[in-house]
Amino acid sequence: MDKTDPVAEVEAAMIAIRRRQTRRTFAVQSGGPDSVQEVLDAVEAADPAPLGVNGIATALGVDQPRASKLVAAAVTAGLLRREADQADGRRTNLALTPAGRAQLEAVHTHRRTHFATAMNDWTPEEQTAFATLLTRFVTALDR
């Protein structure tokens, strides 16, 4: 990696982040059920819009049978429940249960603790600048 090329440095950092996400490191460290954490994240991200199995498949980039298995595991674990769609009776939406919300909060707390530790020797100005620039960067990737 060329340390003088900021784009190459960003790429290397993004690869490291991607590897960590693929292993679901924070979810596993916080005691979460690794196989369903992405489903919970997708339901939370869609809120307040309703999300069903097909929406999970799209959000996770998996096929419908795989999404269905992941959703079934989350329902069996008591983290999600199925609800009839009030606008279309043929559809079923997914909703977080209190246990699902608690699991998400535990993972958020765990992640934030790690992030705070990683930035604990940064000034408040550096933390704010990083948050602003990272958010701007991620937003620009979707354009």
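Being a predicted model, the structure only gives us computed values, none of them experimental. (Residues numbered from 1 in each chain as written. Predicted model: local features only at pLDDT ≥ 70, side-chain atom pairs only at ≥ 80, totals over all residues. Heavy atoms only, no water.)

### Concerning the side chain of His108
For clarity, the cut-off: Counting from the N terminus, the helices are the DSSP runs of H or I reaching at least four residues and the strands are the DSSP runs of E reaching at least two. Whether a residue is buried, partly exposed or exposed follows from its accessible area with a 1.4 Å probe, protein chains only, as a fraction of its type maximum: under 20%, in between, or over 50%, in that order. Any pair of N or O atoms that falls within 3.5 Å is considered a polar contact. Within protein, one atom must be able to donate a hydrogen and the other to accept it, and sequence-neighbouring residues count only if both atoms are side-chain atoms.
Positionally, His108 belongs in helix H6 (residues 98–118). On the basis of relative accessibility, which here comes to 14%, the residue His108 falls in the buried class. Only 3.0 Å separates the side chain of His108 from the side chain of Glu44, close enough to count as a polar contact.

### Details of the environment of Phe137
Rules: Contacts are residue-level and defined by heavy atoms, with any inter-residue pair within 4.5 Å sufficient.
Position of Phe137 among the secondary structure elements: in helix H7 (residues 124–141). We classify Phe137 as partly exposed; its relative accessible area is 32%. Setting aside chain neighbours within four positions, we find Phe137 in contact with Val10 and Met14.

### Concerning helix H5 (residues 64–76)
Rules: By this rule the span expected of a helix is its residue count minus one, scaled by 1.5 Å. Relevant arc is that of directions from the helix axis to the C-beta atoms, nothing else.
Under the 1.5 Å per step criterion, the end-to-end length of H5 is 18 Å for 13 residues, consistent within 8% with the ideal 18 Å. Of the positions making up H5, those classed as buried are Ala67, Leu70, Val71 and Ala74. Down the axis of H5, the sector holding all buried residues measures 100°, keeping them to one side. H5 presents Lys69 and Thr76 as exposed residues on the side facing more than 90 degrees away from its buried surface. N-cap assignment for H5: the residue whose side-chain oxygen lies 2.9 Å from the backbone N of Arg66 is Asp63. Gly78 sits one or two residues past H5 and shows a positive phi near 80°.

### Regarding the pattern of salt bridges
Basically, it comes down to this: For this document, the term salt bridge refers to a Lys or Arg side-chain nitrogen within 4 Å of an Asp or Glu carboxyl oxygen.
Applying the stated criterion across every chain yields a total of 4 salt bridges. A salt bridge links Arg111 to Asp41, with the shortest nitrogen-to-oxygen separation between them at 3.3 Å. With Arg111 in helix H6 and Asp41 in helix H3 (residues 34–46), this pair connects stretches of sequence that are 70 residues apart. Take Arg111: its relative accessible area is 19%, and that puts it in the buried class. Judged by its relative accessible area of 17%, Asp41 falls in the buried class. Between Asp88 and Arg90 there is a salt bridge, and its shortest N-O distance comes to 3.0 Å.

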